Amino acid sequence: MKNKMEDIDKLIKETLTQEEAKFYDELEEQNLFQMLGGLFRGKNSWLVLIMNVMNTLVFGLLIYCIIQTFDVEKTNDLILWVGGVILCFLTMSMLKIYMWMQMHKNALIREIKRLELQVSSLSGRMSE
């Protein structure tokens with residue numbers, strides 16, 4: 001399967017101009033760290049930065065709630081601190097899920113651009 005994909009990529013690059021081939025190379029599949037770095041580029045990079053700061057603050061609050069959970073003596077207070085721990089976990093999870101969804105969206109956009117480039121290359125080749 002890998003050889004077929006490499007053959008297809010080679011065939012596509014042969015039909016593209018030099019500029020299009022360079023753009024096609026930039027659309028290669030990314031590893032996890034490149035995807036994370038991609039979150040901090042673009043229109044919503046400010047939102048990702050704010051979400052990371054919020055995630056750090058919520059993590060600090062989580063640690064505080066866990067420490068307070070071990071120091072309380074009343075059951076009602078214990079329930080409140082455990083509720084705080086659960087709320088912190090939920091908040092952190094939702095922020096992380098949003099970021100993973102953004103990474104997935106960026107990967108989908110990259111694949112769609114690859115397909116658009118391939119279609120335009122083939123249509124240009126067919127018109128010749």
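Every value quoted in this text rests on a predicted model; they were computed, and no experiment measured them.

Turning to the overall build of the chain, a few remarks are in order. Per the secondary structure count, the chain includes five helices and zero strands. Shown N-terminal to C-terminal, the secondary structure of the chain runs as helices and strands in the order α-α-α-α-α. Of all 128 residues assigned to the chain, the portion counted as buried reaches 21%. Looking at the chain alone, contacts between residues at least 24 apart form 65% of all its contacts between residues at least 6 apart. If you sum the accessible surface of the chain, you get close to 10,000 Å²; carbon and sulfur atoms cover 66% of it.

This part takes up helix α4 (residues 45–71). What sets the pattern is the α-helix's 3.6 residues per turn: residues three or four places apart point alike. For α4, which comprises 27 residues, the first-to-last C-alpha distance of 40 Å matches the rise-based estimate of 39 Å (1.5 Å per residue) to within 8%. Residues Val48, Met51, Asn55, Val58, Leu62, Cys65 and Thr69 constitute the buried set of α4.

Let us look at a nonpolar patch on the surface. Residues Phe40, Trp46, Leu49, Ile50, Val53, Met54 and Leu57 make up a contiguous nonpolar surface patch of roughly 710 Å² in combined accessible area. Structurally, the position occupied by Trp46 is in helix α4.

Okay, the side chain of Asn55 next. With respect to the secondary-structure elements, Asn55 resides in helix α4. Residue class for Asn55 comes out buried when judged on its relative accessible area of 6%. With near-sequence residues (within four places) excluded, Asn55 lies in contact with Met92, Leu95 and Lys96.

Overall, the prediction assigns the chain a mean pLDDT of 83, with 76% of residues at 70 or greater. When pLDDT is averaged over each element of the chain, α4 comes out on top at 95 and helix α1 (residues 2–15) at the bottom at 63.

What follows deals with the packing of aromatic side chains. Under the counting rule described, the total for this entry stands at one aromatic pair. For the pair Tyr64 and Trp81, a centre-to-centre distance of 5.6 Å together with 75° between the ring planes defines the contact as edge-to-face. In this pair, Tyr64 is assigned in helix α4 and Trp81 in helix α5 (residues 75–127), connecting sequence segments 17 residues apart. Assessed through its relative accessible area of 45%, Tyr64 is described here as partly exposed.

Another point: the state of the cysteines. A full pass over the atoms with the stated rule returns zero disulfides. Looking at Cys65, it has no disulfide partner, and the nearest cysteine sulfur is the one in Cys88, 4.6 Å off. The exposure class of Cys65 is buried, given its relative accessible area of 5%. Residue classification places Cys88 among the buried residues on the basis of a relative accessible area of 4%.

Rules behind the numbers
- Residues numbered from 1 in each chain as written.
- Predicted model: local features only at pLDDT ≥ 70, side-chain atom pairs only at ≥ 80, totals over all residues.
- Heavy atoms only, no water.
- Helix = DSSP H or I, 4+ residues; strand = E, 2+ residues; numbered from the N terminus.
- Buried < 20%, exposed > 50% of the residue type's maximum accessible area, 1.4 Å probe, protein only.
- Contact = heavy atoms within 4.5 Å.
- Areas by Shrake-Rupley, 256 points an atom, 1.4 Å probe, with all protein chains shown as cover.
- Expected span 1.5 Å × (residues − 1).
- Patch = residues over 30% accessible without salt bridge, like charges linked within 9 Å, V, L, I, M, F, W, Y side chains within 5 Å.
- Salt bridge = Lys/Arg side-chain N within 4 Å of Asp/Glu carboxyl O.
- pLDDT = per-residue confidence, 0-100.
- Phe/Tyr/Trp six-rings, centres within 6.5 Å; stacked < 30°, edge-to-face > 60°.
- Disulfide = S-S within 2.5 Å.

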